[in-house]
Amino acid sequence: MDEIRIVPTTEAHVDGFRRCVDAVARERRYLGFVTGPPLEQSRAFVRMLLDGGGVQVLAVQGVGEVVGWCDVIRDAREGFGHGWRLGIGLLPAARGRGIGRRLAQAGIAAAVARGAERIELEVFASNARAIALYERLGFVREGVKHRARKLDGRYEDNVLMALLVDASAGGGTAATESSPAT
Ligand SMILES: CC(C)(COP(=O)(O)OP(=O)(O)OC[C@H]1O[C@@H](n2cnc3c(N)ncnc32)[C@H](O)[C@@H]1OP(=O)(O)O)[C@@H](O)C(=O)NCCC(=O)NCCS
């Protein structure tokens, strides 16, 4: 694989983003859905983010092929706007090389810059690599939804995790780990 860059999303990336989500969803292991959304739905989602509903960064290679995404979406309800929700994924060939960490750090930093104080997510209990990444970034386990999914005859627990941003330390310190970013 070529060198991978982390870039903010634009409308020009929508198709690549959708294809990337679809490929990861079809693995039937990591995401809460088993196919990607239709193109128009992906476009509306990205527009919603660009209009201030959240942030998204992408991992791209070559001339702009999308190999991963990280979005963090603001909870629009009154009283919950400090709480954001993170989603992330990489194509198989991009995994295990620290790119997930770079993507997540960039997404979290962008969300914190826009006022995120709490970032939450759900992850399947069997997804050890994702859980290791989240814990390294400061997320803690808040609970478990037992047998949350039943797919292909197998149950999966869903682990609820959250990162509380330490505003007293300048904002975002919990979102960046102690070792140097790559
Ligand atoms: C989860 C995901 C984003 C992580 O990104 P990544 O680039 O593959 O992960 P990294 O290389 O940054 O490694 C993350 C950490 O997990 C550790 N790790 C790797 N494989 C592991 C495994 N099998 N078990 C436990 N820890 C593992 C790494 O050592 C690393 O920790 P470190 O930084 O302390 O060394 C990526 O693997 C992915 O897209 N997976 C499929 C989709 C998915 O699971 N999305 C999240 C849904 S909640």
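Not measured: the values here are computed from a predicted model.

Quick notes on the rules
Residues numbered from 1 in each chain as written. Predicted model: local features only at pLDDT ≥ 70, side-chain atom pairs only at ≥ 80, totals over all residues. Pairing = 2+ DSSP bridges. Helix = DSSP H or I, 4+ residues; strand = E, 2+ residues; numbered from the N terminus. Axes fitted to C-alpha atoms, helices over the stretch in contact; angles between N-to-C directions. Contact = placed C-beta atoms within 7 Å. Buried ≥ 20, exposed ≤ 12 C-beta atoms within 10 Å, placed from the backbone. UniProt positions renumbered as here; feature names shortened; annotations may be inferred. Near = placed C-beta within 6 Å. Nonpolar A, V, L, I, M, F, W, Y, C, P; charged D, E, K, R; others polar. Core = buried A, V, L, I, M, F, W, Y, C linked by C-beta atoms within 7 Å. pLDDT = per-residue confidence, 0-100.

Engineer: Please give an account of the sheet that holds strand β7 (residues 154-164) that cites residues and values.
Structural biologist: Strand order in the open sheet made by the seven strands is β1-β2-β3-β4-β5-β7-β6, with mixed pairing throughout. Of all the strands in the sheet, the pair left with one neighbour each is β1 (4-8) and β6 (140-151). Strand-to-strand, the axes of this sheet are offset by a mean angle of 25°, without reference to chain direction. Where strand β3 (residues 65-74) meets strand β4 (residues 83-90), seven bridges bridge the pair, whose relative direction is antiparallel. Looking across to β4, one finds that Trp69 is bridged to Gly89. Sheet strands in contact with helix α2 (residues 39-53) are β2 (54-61) and β3, and its direction is about 125° off that of β2. Seen against the sheet, helix α4 (residues 128-136) touches β5 (118-124) and β7 and runs at an angle of roughly 160° to β5.

Engineer: How would you sum up the environment of Thr9? Please name residues and give values.
Structural biologist: With respect to the secondary-structure elements, Thr9 resides in the loop between β1 and α1 (14-25). Overall, Thr9 belongs to the buried group, with 21 C-beta atoms counted inside 10 Å. Residues Thr9 and Cys70, 61 residues apart in the sequence, show an inter-C-alpha distance of 9.7 Å. In this structure Thr9 touches Phe17, Val46, Leu49, Gln56, Val57 and Leu58, once residues within four positions along its chain are discounted.

Engineer: Any chance you could break down the pairing of β3 for me, citing the residues and the numbers?
Structural biologist: Of all 10 residues that make up β3, nine are buried, and the element is covered over most of its length. Note that β2 and β3 share eight bridges and pair antiparallel. Opposite Leu58, over in β3, you have Trp69 as the bridge partner. Counting the residues in the hairpin turn of β2 and β3 gives three residues, including Gly62, whose phi is positive at 60°.

Engineer: Help me get a handle on the UniProt feature "domain: N-acetyltransferase" (unreviewed entry) in the protein chain, residues and values and all.
Structural biologist: Residues annotated in UniProt with the feature "domain: N-acetyltransferase" (unreviewed entry) correspond here to residues 4-166. Spanning residues 4-166, this segment combines 31% helix with 37% strand, and its end C-alpha atoms are found 30 Å apart.

Engineer: Describe the site of the ligand, and please don't skip the residues or the numbers.
Structural biologist: Contacts to the ligand come from 20 residues, most closely from Tyr30, Arg95, Gly100, Ala128 and Ala132. It is α4 that provides the largest number of residues to the shell around the ligand, a total of six residues. Grouping the constituent residues of the shell around the ligand by class yields 10 nonpolar, five polar and five charged.

Engineer: Describe the nonpolar core, naming the residues involved and giving the relevant values.
Structural biologist: Ala59, Trp69, Cys70, Val72, Leu103, Ala111 and Ile119 are the most contacted members of the largest nonpolar core, which totals 41 residues. For this core, the leading source of residues is helix α3 (residues 99-113), giving seven residues. If near-sequence neighbours (up to four positions away) are discounted, Val72 is found in contact with Gly54, Val55, Trp84, Arg85, Leu86, Gly107, Ile108, Ala111, Ala116 and Ile119.

Engineer: An account of the confidence of the model for the protein chain is needed here, citing residue identities and associated values.
Structural biologist: Across the protein chain, the average pLDDT comes to 92, with 91% of residues at or above 70. Below pLDDT 50 for its whole length, residues 175-182 participates in 14 contacts with residues either more than four positions away or in separate chains.

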